[in-house]
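Overview (structure and organization)
Okay, here's what each chain looks like letter by letter:
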Amino acid sequence: MGSVNVRPFLSYIFVVVLVFAGMAVIIIPLLGFTERIIGISSLLGGLIVFMVLIMNIFEKYIKPIQSAARVADELVRGNYKARTYVSYFGEAGKLSNSINVLARSLQQITLQEKMQENQMSTVIDNMESGLMLIDEKGYVHMVNRKFLSIFGAEEKDYVGFLYYEVLIQEKIHKAVQEAFLYEDKVKVSFSIPTGLERKSVEAVGAPLFNEKKELKGAVLVFHDITELKRLEEMRKDFVANVSHELKTPITSIKGFAETLLEGAMDDTELRRQFLEIILTESGRLQALVHDLLELSKLEKDELRLEYGNYDVTLLVNDLLPVVRQQAEKKEIEVSVNLPDELVAVIDGERMKQVFINLLNNAVNYTQEHGKVVLTVSSDSNLLKIIVTDTGIGIPEEAQSRIFERFYRVDRARSRNTGGTGLGLAIVKHIIEAHKGSIYLESKVNEGTTFTIKVPLKPE
Ligand SMILES: Nc1ncnc2c1ncn2[C@@H]1O[C@H](COP(=O)(O)OP(=O)(O)OP(=O)(O)O)[C@@H](O)[C@H]1O
Ligand SMILES: [Mg+2]
């Protein structure tokens, strides 16, 4: 390093000058005049030689050793950037050189360590699971970002505290204690309140050991399984719903068939009536199975739409007669606003289903003499479909649920219309597969408007 301590150098010179001056004071008075000149010159010569010698020793040994010692000090303090810059010959030079090499490798090692540490903390922070590190005394040493997103609060609210002070869940306490006690992994699940809902969390506690196999703490890994739980619930609901929906028509078919066999078939009028019921109910069964198959097909092939160029106007004109026929029974007026031609790259068959489902709903849930309007337009790169009716409307609390499978606002009324509650679920699937969106506005007893936007062609 730069500055060199010159104090020893000056003190050596001072001592030498003092010695020579003393010698001069003692020797000169004893000499004659001519000898004095010789004496003084020899003393001066000797002084100069000594000075040069001292300077040499200082330059070659003292200075480099001082510098090396200072750098060594810096290294001890952790400053691995320190170097002894001066180059010297001889053994001292070798020393400075070795010190520099040492400093350089230390710097490299710490740099690598830092990089590894950085990588490690990046990985830990970006993990999809929450992480908490506890030492053998139970103090929290580390929590990662996901942990904070599950449990809330900030890092400083956890680190440095005892785990049971900062985590109130008894199940976690038990998991940590068991991990410590049995020195084995423990899995628990619990739920934590977040706002209005609850989060389901699964925690795995595992003990940590050092190289000597001594227990050094525990690591807790947390998985947010709310979504998984929800899917499981949905699956259970779905199975329950399907069974329930199938049960009704089957019970009724079986009941009427039995009554027929028990003698009712001898009565022509009853026979006709019961057979008609059986026919209607088996129609319902058929529709239900058809829709279920359709849904499961959609879920499987979601990404495999059969895109093609379709003129939407033509497509709508194809299906209008069927809708109008149905509407006529209730004297509902169905009007359409269609452009002359509107070509879009869509899955035509599936889009047809969307139109049919929405128009059927509009007709089914509108009283006699009501109105249904279908408007199709395009807006820059979007195909826009609006279906409006003047029907019974959908209460606000039901609006977010009508796209769920089997959800019906008024079960009894919908069943009368032959509805299975799957129509809008299918519609939503198809629209989402087309990367489009669907939303609705509705007022009870005033009417409902469904708006759909779908890209005119896929990306
Ligand atoms: N235009 C509308 N006006 C009022 N209510 C509606 C309308 N469209 C849908 N609904 C409500 O949303 C529910 C779900 O509709 P969805 O089409 O999914 O089933 P569905 O009509 O009962 O049976 P289907 O599967 O045969 O269509 C309906 O039962 C009805 O209560
Ligand atoms: Mg429907």
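Residues numbered from 1 in each chain as written. Chains lettered and ligands numbered in written order. Predicted model: local features only at pLDDT ≥ 70, side-chain atom pairs only at ≥ 80, totals over all residues. Heavy atoms only, no water.

Regarding the overall build of the chain
Stated formally: Helix and strand definitions here come from DSSP, where helices need a minimum of 4 consecutive H or I residues and strands a minimum of 2 consecutive E residues; each element is numbered from the N-terminal end. Radius of gyration here is computed from C-alpha atoms only, and the compact-globule reference equals 2.2 Å multiplied by the residue count raised to the power 0.38. We call a residue buried when its accessible area falls under 20% of the maximum for its residue type, exposed when it is over 50%, and partly exposed in between, using a 1.4 Å probe and counting protein chains only. Throughout, a contact is declared for two residues whenever any of their heavy atoms are within 4.5 Å.
Of regular secondary structure, the chain possesses 13 helices and twelve strands. Relative to its length of 459 residues, the chain is extended, with a C-alpha radius of gyration of 46 Å against a globular reference of 23 Å. Each of the three principal axes of the chain carries a C-alpha extent, and together these read 170 × 65 × 35 Å. For the chain, buried positions account for 36% of its 459 residues. Across the chain, contacts joining residues at least 24 apart in sequence account for 59% of those joining residues at least 6 apart.

Points about the nonpolar core
For soluble globular proteins, nonpolar side chains are generally found buried alongside one another. The condition is simple: Definition of nonpolar core: a set of buried residues of the types Ala, Val, Leu, Ile, Met, Phe, Trp, Tyr and Cys, connected through side-chain atoms within 4.5 Å.
If you look at the biggest cluster of nonpolar residues, it comprises 48 residues, and the most contacted ones within it are Val-312, Phe-355 and Phe-450. Residues in contact with Val-312, not counting those within four places in the same chain, are Leu-342, Ala-344, Ile-346, Phe-355, Val-376 and Leu-383.

Quick look at the pattern of salt bridges
Threshold: Here, a salt bridge means any Lys or Arg side-chain nitrogen found within 4 Å of an Asp or Glu carboxyl oxygen.
Under the criterion given, the structure shown has 16 salt bridges. When the shortest N-O distance is used, the salt bridge between Lys-63 and Glu-59 registers 3.1 Å. Of this pair, Lys-63 and Glu-59 both sit in helix α2 (residues 33-77), separated by four residues, roughly a single helical turn. You can call Glu-59 partly exposed: its relative accessible area is 35%. The salt bridge partner of Glu-128 is Lys-146, with a shortest N-O separation of 3.9 Å. With a gap of 18 residues between them, Glu-128 in the loop between α3 (90-125) and β1 (130-135) and Lys-146 in helix α4 (residues 145-151) connect regions that are remote in the sequence. The class of Glu-128 is exposed, set by a relative accessible area of 62%.

Quick look at the environment of Gly-348
Summarising the element assignment, Gly-348 is placed in helix α10 (residues 348-364). Sequence-wise, Gly-348 and Tyr-310 are 38 residues apart; in three dimensions their C-alpha atoms are separated by 6.2 Å.

What about the packing of aromatic side chains?
We count it as follows: Between rings of Phe, Tyr and Trp, where Trp is taken as its six-membered ring, a pair exists when centres lie within 6.5 Å; planes separated by under 30 degrees are stacked, by over 60 edge-to-face, and by other angles tilted.
This structure, assessed with the given rule, holds ten aromatic pairs. Between Phe-20 and Phe-50 the ring centres are 5.8 Å apart and the planes differ by 65°, which places this aromatic pair in the edge-to-face class. Placement of Phe-20 in helix α1 (residues 7-27) and of Phe-50 in helix α2 is noted, with a sequence separation of 30 residues between them. By relative accessible area, which is 11% here, Phe-20 ends up buried. Of the residues examined, Phe-50 reaches a relative accessible area of 42% and is grouped as partly exposed. Ring centres of Phe-238 and Phe-406 lie 5.9 Å apart, and the angle between their planes is 35°; on these two criteria the pair is classed as tilted. In this pair, Phe-238 sits in helix α7 (residues 226-261) while Phe-406 sits in the loop between α11 (396-399) and α12 (411-416), placing the two residues 168 residues apart along the sequence.

What to know about a nonpolar patch on the surface
To keep it simple, the criterion reads: Patch membership requires over 30% relative accessible area and the absence of a salt bridge. Like charges are linked within 9 Å, and nonpolar side chains (Val, Leu, Ile, Met, Phe, Trp, Tyr) within 5 Å. Accessible areas in this description were obtained via Shrake-Rupley with a 1.4 Å probe; residue shielding takes into account the shown protein chains only.
A cluster of nonpolar side chains, Phe-14, Val-15, Leu-18, Val-19, Met-23, Ile-26, Ile-27 and Leu-30, forms an exposed patch at the surface whose accessible area comes to about 790 Å². Note that Leu-18 resides in helix α1.

Some points on the sheet that holds strand β7 (residues 333-337)
Cut-off, in case you're wondering: Whether two strands pair comes down to DSSP finding at least two bridges between them. Note on definitions: angles span 0 to 180 degrees between N-to-C directions of axes, and those axes are lines fitted to C-alpha atoms, for helices only across the stretch in contact.
Spatially, β7-β9-β10-β12-β11 is the arrangement adopted by the five strands of the open sheet, whose pairing is mixed. Either end of the sheet is taken by a strand with one partner, and the two such strands are β7 and β11 (437-443). Strand-to-strand twist in this sheet, taken as the mean axis angle between neighbours without regard to direction, amounts to 10°. Across eight bridges, strand β10 (residues 382-389) lies against strand β12 (residues 447-455) in antiparallel orientation. Among the inter-strand pairings, Leu-383 is bridged to a residue of β12, identified as Val-454. On top of the sheet, helix α9 (residues 312-329) reaches β7, β9 (371-379) and β10; it is set at about 170° to β7, its chief contact.

As for the pairing of strand β5 (residues 215-224)
For β1 and β5, the ladder comprises six bridges, and the chain directions are antiparallel. Of the residues in β5, the one forming a bridge with Asp-135 is Gly-217. As paired elements, strand β4 (residues 197-209) and β5 share nine bridges and run antiparallel to each other. Of the residues in β5, the one forming a bridge with Ala-203 is Phe-222. What sits between the antiparallel neighbours β4 and β5 is a turn of five residues, in which Lys-213 has the positive phi angle 65°.

With respect to the sheet that holds β4
Strand order in the open sheet formed by five strands is β2-β1-β5-β4-β3, with antiparallel pairing between adjacent strands. What marks the edges here is a single partner per strand, and that holds for β2 (140-143) and β3 (186-194). Adjacent strand axes in the sheet meet at a mean angle of 25°, parallel and antiparallel pairs treated alike. Against the sheet, helix α6 (residues 170-182) engages β1, β3, β4 and β5, with an angle of about 160° to β3.

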